[in-house]
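Residues per chain are reported as follows:
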Amino acid sequence: MSESPQALVVFSPSGKRGRFALGTSVLEAARELGVDIDSICGGRARCGRCQVEAVEGSFAKENIVSGGDHLTPMGEAEQYCLQRGRLQPGNRLSCQAQLLGDVRIDVPATSQVHHQVVRKDYEVHDIELDPVVHLYFVEVEEPDMHRQAGDLQRLERALEKEWGLTGLSCDLRVLQDLQPALRTGRWSATVAIRNRQQIIAVWPGFHDQAYGAAVDVGSTTIAVHLCDLTRGEVVGSAGSMNPQIRFGEDLMSRVSYAMLNPEGAAQMTRAVRQAITELIGRTADQAGIDPADVLEITLVGNPVMHHLLLGIDPAPLGTAPFALATDHALEVWASEYDIEVHPNARAYVLPCIAGHVGADTAAVLLAETPWDRDEVSLIIDVGTNAEIVLGNRERLLAASSPTGPAFEGAQISSGQRAAPGAIERVRIDRDTLEPRFRVIGGERWSDDPGFAEELTEALGDQRITGICGSGIIEAVASMYLAGIIQHDGSFNPAAAARSPRVEARDRSFAYLLHEGEPRIYIEQNDVRAIQLAKAALYAGARLLMDHMGVDRVDRIRLAGAFGSHIDVTYAMALGMIPDCDLAQVSSANNAAGTGARIALLNRASRDEVERRARTIEKIETAVDPNFQRHFVEAMGIPHSTQPNPELSKVIDLPEKTKTQRAPRGRRRRRK
Ligand code: FES
């Protein structure tokens with residue numbers, strides 16, 4: 001042990017070091033050196049956030065001999081925390097442990113205020129925890145007849161003295177709760193402060209529960225992630241179908257419902273708000289907390305969802321020039337949305353980018369940060385209306401493309417939503433034209449042993465019910481690769497001679513994918529619907545590439561639930577997306593939900609996304625004459641004019657031969 005009246009402290013991982021008088025607490029030393037250690041209770045051994053570990057050993061580089069006994073022994077307060085599980089065995093509370101000698105202190109990530117929340121689910125980057133809402137515990141002077149000052153003023157004085165917080169304002173509802181809180185807490189209280197400016201909640205005594213909800217309102221599903229704002233962890237997740245579906249399957253049918261029914265928009269607004277409240281309630285149950293501890297919400301959604309959620313008429317989004325009520329981010333009381341959480345909770349709605357490129361795309365961009373890359377990224381959120389962003393650190397462009405509902409299984413003869421019983425993967429043998437497929441609810445392929453038994457167990461009598469979006473995309477791509485359909489999407493009459501699965505129908509054919517009950521065919525009209533949808537998507541991406549002046553993209557990210565189910569090789573073989581190194585094409589999973597979570601946990605990200613949203617160049621596909629040209633050329637499978645050098649490296653593409661016509665009057669039915 002050092003003979004010096006001072007002790008050397010070295011903090012890791014920061015490497016910060018300094019000498020302090022014996023008896024200084026480790027937390028004080030850390031504060032002095034600017035080492036980031038968390039605290040809610042202000043050093044009163046109550047929150048357990050300031051944990052550190054004294055490292056044993058001799059460290060030549062730092063020239064220090066460190067040991068746990070170079071700190072004061074554990075006192076009653078630490079023992080109490082240890083017994084209650086608030087202190088990890090082997091750790092110390094830095095607010096309690098005082099220096100007795102030289103020591104090396106390790107600050108674990110969980111004790112750092114701005115620690116990284118590791119995103120296990122996606123690559124890209126982790127989130128630096130710095131939410132807009134923080135909790136502060138304070139002890140407030142009791143009222144004094146001789147020094148008259150209100151409860152709020154004495155609370156503010158304590159916050160300034162203990163936490164350096166000045167210039168605070170206070171919600172009226174906090175003021176209404178303040179007197180009982182201070183008296184119940186025997187002149188101690190915990191307050192929640194938003195943006196280091198606004199007192200939004202008060203609890204008697206010590207309180208360490210603060211939660212936030214990241215809400216992603218999709219036209220088909222709504223997802224909520226409940227996060228612990230003090231630790232950054234997701235503590236509950238829940239999702240449900242968007243109840244607005246009963247008013248219209250896709251966005252435009254909901255807009256027309258709102259236009260045709262005087263109460264239509266209000267009905268849809270009520271439905272979505274109720275669903276969000278229910279989902280937050282479910283996540284709160286999962287986490288075993290009270291929804292009243294939810295102090296902050298972030299909301300993302302496409303422009304129509306955004307308007308309906310806010311109670312704004314979506315009708316102007318249904319016709320050109322597709323004007324948004326606002327494209328700026330919004331911050332309002334959650335109670336204004338009738339969402340039942342803490343009465344003073346605020347809801348932050350991410351900015352929209354353009355008429356059909358919404359706050360969901362802003363959230364995807366926050367998760368993907370294409371602005372940090374030199375390579376050109378193409379980011380596509382596939383839905384009834386594809387939202388497309390192209391660019392890199394130099395420039396970002398966005399557009400939307402009217403793909404229609406075919407990718408969601410609508411307008412397809414045996415199409416259905418992605419739900420148990422739907423065929424989701426399809427392969428067709430190029431020689432025999434026999435299909436194999438996988439069904440949602442099962443793991444096995446249809447030609448695997450035990451396929452039928454597994455499905456019966458998983459789905460009961462329901463069994464196979466139809467084909468969903470990813471299934472129809474793979475089916476059409478596989479039909480092309482197997483020579484069942486031709487480059488222009490028409491059935492190849494020669495295929496009928498190769499397999500009885502290709503059945504003649506009036507002037508065309510249909511491919512029998514599933515023989516059981518119900519029989520599932522891919523018909524000519526199904527192929528056409530998919531061609532129209534994929535051509536719209538491709539043309540939107542191509543138009544952005546024109547504006548950017550590039551002929552190829554370096555990477556492609558497919559966002560949304562659909563993007564995570566799609567097989568990118570088949571999506572490219574179909575011609576949904578431009579040719580690109582397949583190793584660089586991947587799913588961004590639920591990037592919109594991730595973006596909502598980033599905005600919830602990191603306040604600087606809000607400024608960033610607002611700034612970026614303003615600078616993105618918006619390209620309007622509806623009025624650009626080149627869109628139509630790209631659309632027509634993209635009708636071919638994979639494409640009428642563009643080569644596919646990258647795709648050809650991994651898959652044998654059929655030669656683009658002259659289209660063969662079906663012989664007139666040909667009739668052939670499968671027996
Ligand atoms: S600062 Fe709260 S327990 Fe140490």
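Residues numbered from 1 in each chain as written. Predicted model: local features only at pLDDT ≥ 70, side-chain atom pairs only at ≥ 80, totals over all residues. Heavy atoms only, no water.

## Focus on the nonpolar core
This is how it is decided: Side-chain atoms within 4.5 Å link the members of a nonpolar core, which is a set of buried Ala, Val, Leu, Ile, Met, Phe, Trp, Tyr and Cys residues. Working definition: with a 1.4 Å probe on protein chains only, accessible area under 20% of the residue-type maximum means buried, over 50% means exposed, and in between means partly exposed. Secondary structure elements follow DSSP: runs of H or I of four or more residues count as helices, runs of E of two or more count as strands, with numbering from the N terminus. Throughout, a residue-residue contact means that at least one pair of heavy atoms, one from each residue, lies within 4.5 Å.
The biggest cluster of nonpolar side chains holds 91 residues, and the ones touching the most others in it are I276, I297 and L350. At nine residues, helix α6 (residues 264-287) tops the list of elements feeding residues into this core. Not counting residues within four places of it along the chain, the set of residues in contact with I297 comprises A213, V215, I280, A334, I339, V341, R346, A347, Y348 and L600. Judged by nonpolar contacts, the second largest core, of 81 residues, contains F407, I428, F437 and M545.

## Things to note about the pattern of salt bridges
So the rule is basically this: Salt bridges are defined by distance alone: a side-chain nitrogen of Lys or Arg within 4 Å of a carboxyl oxygen of Asp or Glu.
Per the stated rule, a full pass over the model turns up 35 salt bridges. Linking R373 and E375 is a salt bridge whose minimum nitrogen-to-oxygen distance equals 3.0 Å. We classify E375 as partly exposed; its relative accessible area is 31%.

## A few points about the pairing of strand β22 (residues 396-401)
Selection criterion: Two strands are counted as paired when DSSP detects at least two bridges linking them.
Counting buried residues along β22, six of its six residues qualify, which places the element largely inside the surrounding structure. Here strand β21 (residues 386-391) pairs with β22 via six bridges, running antiparallel. Looking across to β22, one finds that E387 is bridged to S400. In this structure, β22 lies alongside strand β31 (residues 617-618), joined through two bridges in parallel fashion. Its bridge partner lying in β31, L397 is registered against E617.

## So, the packing of aromatic side chains
The line we're drawing: A pair of Phe, Tyr and Trp rings is counted when the ring centres sit within 6.5 Å of each other, with Trp represented by its six-membered ring. The angle between the planes then sorts it: under 30 degrees is stacked, over 60 is edge-to-face, the rest tilted. Only when the NZ atom of a Lys or the CZ atom of an Arg is both within 6 Å of the ring centre and within 35 degrees of the ring normal do we say a charge sits over the ring.
Inspection of every chain in the model, using the stated rule, returns six aromatic pairs. For the pair F137 and F206, a centre-to-centre distance of 5.8 Å together with 70° between the ring planes defines the contact as edge-to-face. With F137 in strand β10 (residues 133-139) and F206 in the loop between β13 (198-204) and β14 (211-217), the pair connects residues that are 69 residues apart, well separated along the chain. F137 gets classed as buried once you look at its relative accessible area, which sits at 0%. Sitting over the ring of W333, R173 keeps its end group 5.1 Å from the ring centre. Positioned above the aromatic ring of W445 is the side chain of R436, whose terminal nitrogen or guanidinium carbon lies 4.5 Å from the ring centre.

## Notes on the layout of surface pockets
Threshold: Think of a 1 Å grid over the protein atoms and nothing else: a 1.4 Å probe that fits but is trapped marks a cavity, an open set flanked by protein within 12 Å on at least five of seven lines marks a pocket, and residues with an atom within 4 Å of a point count as lining. Grid points are joined across faces, edges and corners, and a volume is the space filled by probe spheres set on the points. Each residue gets one label: Ala, Val, Leu, Ile, Met, Phe, Trp, Tyr, Cys and Pro are nonpolar, Asp, Glu, Lys and Arg are charged, and the others, such as Gly, are polar.
As a volume, the largest pocket reaches approximately 1,100 Å³. In terms of lining residues, the largest pocket is bounded by 41 residues, among which T220, T221, G560, A561 and F562 are the most central. When contributions to the lining of the largest pocket are tallied by element, the ones reaching two or more residues are β14, β15 (221-228), β16 (234-241), α10 (469-481), α13 (560-565) and α15 (591-601). Partitioning the lining of the largest pocket into residue classes produces 16 nonpolar, 18 polar and seven charged.

## Notes on the pairing of strand β23 (residues 422-428)
Of all seven residues in β23, seven are buried; the element is thus mostly enclosed. Relative to strand β25 (residues 466-467), β23 runs parallel, the two being bridged by two bridges. Each bridged residue has a counterpart across the sheet, and for A422 the counterpart in β25 is G466. Here β23 pairs with strand β24 (residues 435-439) via five bridges, running antiparallel. Considered in β24, the bridge of R425 is made with R438. The antiparallel pairing of β23 with β24 creates a hairpin that spans six residues between the two strands, and L433 there sits at a positive phi of about 65°.

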